Amino acid sequence: MDDNKQKTSVIEAEVPMGTVHPAALEPYRVRLFVEDEIVRDAEITVGLNHRGVERIMEGLPVEKANSLTEKICGICSNSHIWNSCKVAEKALGIEVPARANYIRIIMEELERLHSHFLYLAHGSEVLGHETFSMRLFYIRETVMELLGMIGGNRVQYGSAIIGGVRPRCELDEMRINQIKDGMNVIEEKTTAFADRFVSDPMIMSRISGVGVISQKDALRLAVSGPTLRATGVDKDLRRDMEEYDPFEFNVITQDGGDVKSQLLMRVMEILESIKIIRQAIKDLPEGSITNRSWEMQDVSLTKSYIEVPRGTLYHSYALEDGRVRNCVIRTPSMSNIGAMQYACVGHHITDAQLAIVQCDPCFTCTDRAIQIINI
Amino acid sequence: MNLAYSLIAVIGTLLVALLVSLLLPGIERKFIHARIQQRVGPPISSPGIMAPIKFFFKQTINPNSSMPRLYNSLPLISLIVVFILLLFLIPQMYFFGALASIIAIVGFLKVEEVMYMFMGSLSKSILSVRMPFPDLIKGAKHPETSRSFLEELSTLRAFRLIAFGSFPVYIALFVSVAITGSIYLSDIVAYQQIHGPILFSVAGALGAVVFFIGYMILLNEYPFAILKTKADVIEGPYLEYAAKYRAYVYITRGFLMFVLASLFATLFLGIAPNILNSSFIITIIVALLFPMLMAVMSAFSPIFTYKQFYPTVAAVSILGVLAIIAAFV
Amino acid sequence: MSLKSYSRGRAIHVMLVYTGGCNGCDIEIVNCIFSPKFDAEQYKVFLTWNPREADVLVVTGPVTKHTEMPLREIYDAIPEPKAVVAAGACALMGGVYKNIHGDIPSEEIAGPVDKIIPVDAKVPGCAVRPQDIVAGLVSALPLLLNAD
């Protein structure tokens, strides 16, 4: 916190909002320091979700370790397992067949859809608008059914394995038609909802100008993903990933950095994801979806970065005798949470809750042990 | 004979009012909210009748409060005040004079609002400061600030609502005084028997709109529910109520919906609640219509913070003052 | 059927407590109660966030160290009669965090839920299906209805 801000404002009381709270989808603790209901400072404590995943992964055979990473988070589960498989493939030099890459991208974009819908529904609920929240959950059901159809389970589908995609996730004629119909339905309902949302003066007055993160603060705190793009910075790791080369899509940015920009960003990213999925099912290449001709070797620490619905995800581990060693996982929410403490200052407490939710935190992804090194 | 009829009128009206008001939360939840949100919704008797009965059969716990017995008695006092408000609307009680006038109604409504403040300042639930979490550890920010409970936030907001949130209802009450020229309920009802309901004049129509917005504010319904939003204060002053005291809270809310609607019928339509009079049907119809309209408005709006609340109340109050001026013109 | 058990079966208030799981079960439970497709309100099940109002406590997640005391206090704050439903593989037996048999066993989990509070109904799954949650709630009902 800047020293200037602390000197000119008086902190009268502290309002702690607890481990269990309706606005919190996961357990975390927020202490808001207020002066007559306006927030002057905030402190967010994470660490309640620490289950010791990196420690459990030490010494596990690599296939088991991959399926463990999926259980880190229930919202971005496919992202973790994809990145974990990518580390092994990069380390051992395995080539993934083109059809498998397309299917992996379809699953990732479907996950981006369900994650953004969940964000919008949660944001509407914190706004106090139960009706929109329920409408969004209803639209999200179509996505969950598609994910369940391809992966086998609605949450935590386990579709990616080392060398490609699990044979169960093969896309035949019937599944492709269902995806096509699903995309049409979602696009139609989302555009109708977005028109209704933007033309509502009560909601717009509630979210404009609230929880502003300046571009300078966002870059300084290493925020990534849609939270960064909503402040006007044009950075998307998907353009650098070679799996996304055959696809054409726009990278959306918004200026403003407030809650309105964040919500509108997610809606437009939903429409872009629908575009990518449509291109994928149209141009699906032939071939096998699993590459089983590879050998295990001992490799040193390998890293992999991908773009997930919340930002940049980093996995790294080394392989020794087929087992995982020195695993490090760093999720985008680790730095997005830092932005939350700045975004809620200067607003009324109800708006501060909205500003905290706007950075799309996923606390379960984030709880690793961190070592802070003094540079 | 006359005394017997009066007694039947009073007790009968109170009973019918209680019965109808127990159905109101269910109607609001099933017929309006559930239809708008495109789902099935609970049965009509569940939120209004079955929930309070169930709460009567739960274990009575000791609330976390500095004065537990006072805290527990507040919902009952609230319910009794609303009963008394309905009592003095019945025509057979108009002989009480000043207790059946606009001034008394304003007083009773004020007691209702002050209850929230008392409840909030006495309740100290587990969901904020008491949560067993290591907050004040080495390296924590501002360890020496005083920590306040979520209910104290609610008390601050209730205080602000007492100051400005009740303007619309009071201005609407005085619209009927301005048109009919008297503060006594008996005169207001008598005026409308002769001249027709004041709802059908310009001043009366504006006053009705102002009354409706004030009705929503008084009942803490979305969008004016800043006293008990789920987003920060969870339930506000009611957090530590359990068992039969929570049942009283539920019943009071439904009853207040009915009583305010019958207040509207008395002041703007000239129909006092009296079970022996056949126009009691109209009172019941108004009592069903108002919550339904309120539910439609609340299903489509978010919660207003002070940034939107102040302008809304200011605009509605100005409308009310215009209505009073139109009454004299 | 007495008025007591009839009324207890017609208005059930459920409270959710998240104790540090992966959030998959939590989203499915919110889906079950909030989504118009599953809509638990039609089965007279209402969602509440206040332990003083709740009858049934639904717990998800393996109980991590920092969430153990809050879970105990919230359980104690619920008035009798009450029932506890443990939903998901993590709440039942620690899930993958306790049972994947790596080289170093996990020390961050304070145990599955029934080591901390008594559990009445267990709903398996990873993540648990919305249809199963309603079935689990209904199976915990007889305890509420017949309690004194």
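All of the points below concern the structure found in this document. (Residues numbered from 1 in each chain as written. Chains lettered and ligands numbered in written order. Predicted model: local features only at pLDDT ≥ 70, side-chain atom pairs only at ≥ 80, totals over all residues.)

### Overview of the overall build of chain B
- Of regular secondary structure, chain B possesses eleven helices and one strand.
- Element order for chain B, N to C, with α for helix and β for strand: α-α-α-α-β-α-α-α-α-α-α-α.
- Radius of gyration (C-alpha) of chain B: 21 Å, near the 20 Å computed for a compact globule of 329 residues.
- For chain B, the spread of C-alpha atoms along the principal axes amounts to about 75 × 45 × 45 Å.
- With 329 residues in all, chain B has 49% of them scored as buried. (Helix = DSSP H or I, 4+ residues; strand = E, 2+ residues; numbered from the N terminus. Rg over C-alpha atoms; globule rule 2.2 N^0.38 Å. Buried ≥ 20, exposed ≤ 12 C-beta atoms within 10 Å, placed from the backbone.)

### Section: the packing of helix α5 (residues 98-127) of chain A against helix α13 (residues 349-357) of chain A
All names here are of chain A.
- It is at 10 Å that the axes of α5 and α13 come closest, and there the two elements cross at 175°. Viewed along their axes, α5 and α13 adopt a mutual orientation that is roughly antiparallel. Of the residues in α13, those in contact with His122, Gly123, Val126 and Leu127 of α5 are Gln353, Leu354 and Val357.
- Class assignment for the residues of the contact of α5 with α13 results in four nonpolar, three polar and no charged. (Axes fitted to C-alpha atoms, helices over the stretch in contact; angles between N-to-C directions. Parallel < 35°, antiparallel > 145°, perpendicular 65-115°, else oblique. Contact = placed C-beta atoms within 7 Å. Nonpolar A, V, L, I, M, F, W, Y, C, P; charged D, E, K, R; others polar.)

### Details of the nonpolar core
- Of all hydrophobic cores here, the largest spans 254 residues; its most connected members are Leu32 of chain A together with Val56, Val85 and Ala87 of chain C.
- For this core, the element with the highest residue contribution is helix α9 (residues 243-269) of chain B, accounting for 19 residues.
- Those residues in contact with Leu32 of chain A that sit more than four places away from it in its chain are Val15, Met17, Val39, Ala42, Ile349 and Ala352 of chain A. (Core = buried A, V, L, I, M, F, W, Y, C linked by C-beta atoms within 7 Å.)

### Focus: the interface of chain C and chain A
- Counting from both sides, the interface comprises 34 residues of chain C and, opposite them, 34 residues of chain A.
- Secondary-structure elements contributing two or more residues to the side of chain C that touches chain A are β1 (12-18), α2 (24-34), α3 (68-77) and α5 (95-99) of chain C.
- With six residues, the single largest contributor to the side of chain C that touches chain A is α2 of chain C.
- Its residues placed into classes, the side of chain C that touches chain A shows 17 nonpolar, eleven polar and six charged.

### As for the interface of chain A and chain B
- Contacts between the two partners involve 33 residues from chain A, matched on the other side by 35 residues from chain B.
- Secondary-structure elements contributing two or more residues to the side of chain A that touches chain B are β1 (13-17), β2 (29-35), β3 (38-45), α5, α6 (130-151), α8 (201-207) and α13 of chain A.
- The pairing of β1 of chain A with strand β1 (residues 146-147) of chain B spans two bridges and is classified as parallel. Considered in β1 of chain B, the bridge of Glu14 of chain A is made with Arg147 of chain B. (Pairing = 2+ DSSP bridges.)

### Observations regarding α9 of chain B
Residue and element names in this part refer to chain B.
- In this model α9 runs 39 Å from its N-terminal to its C-terminal C-alpha over 27 residues, within 8% of the 39 Å that 1.5 Å per residue would give.
- Of all 27 residues that make up α9, 25 are buried, and the element is covered over most of its length.
- Looking one or two residues beyond α9, the residue adopting positive phi is Gly270, at roughly 75°. (Expected span 1.5 Å × (residues − 1).)

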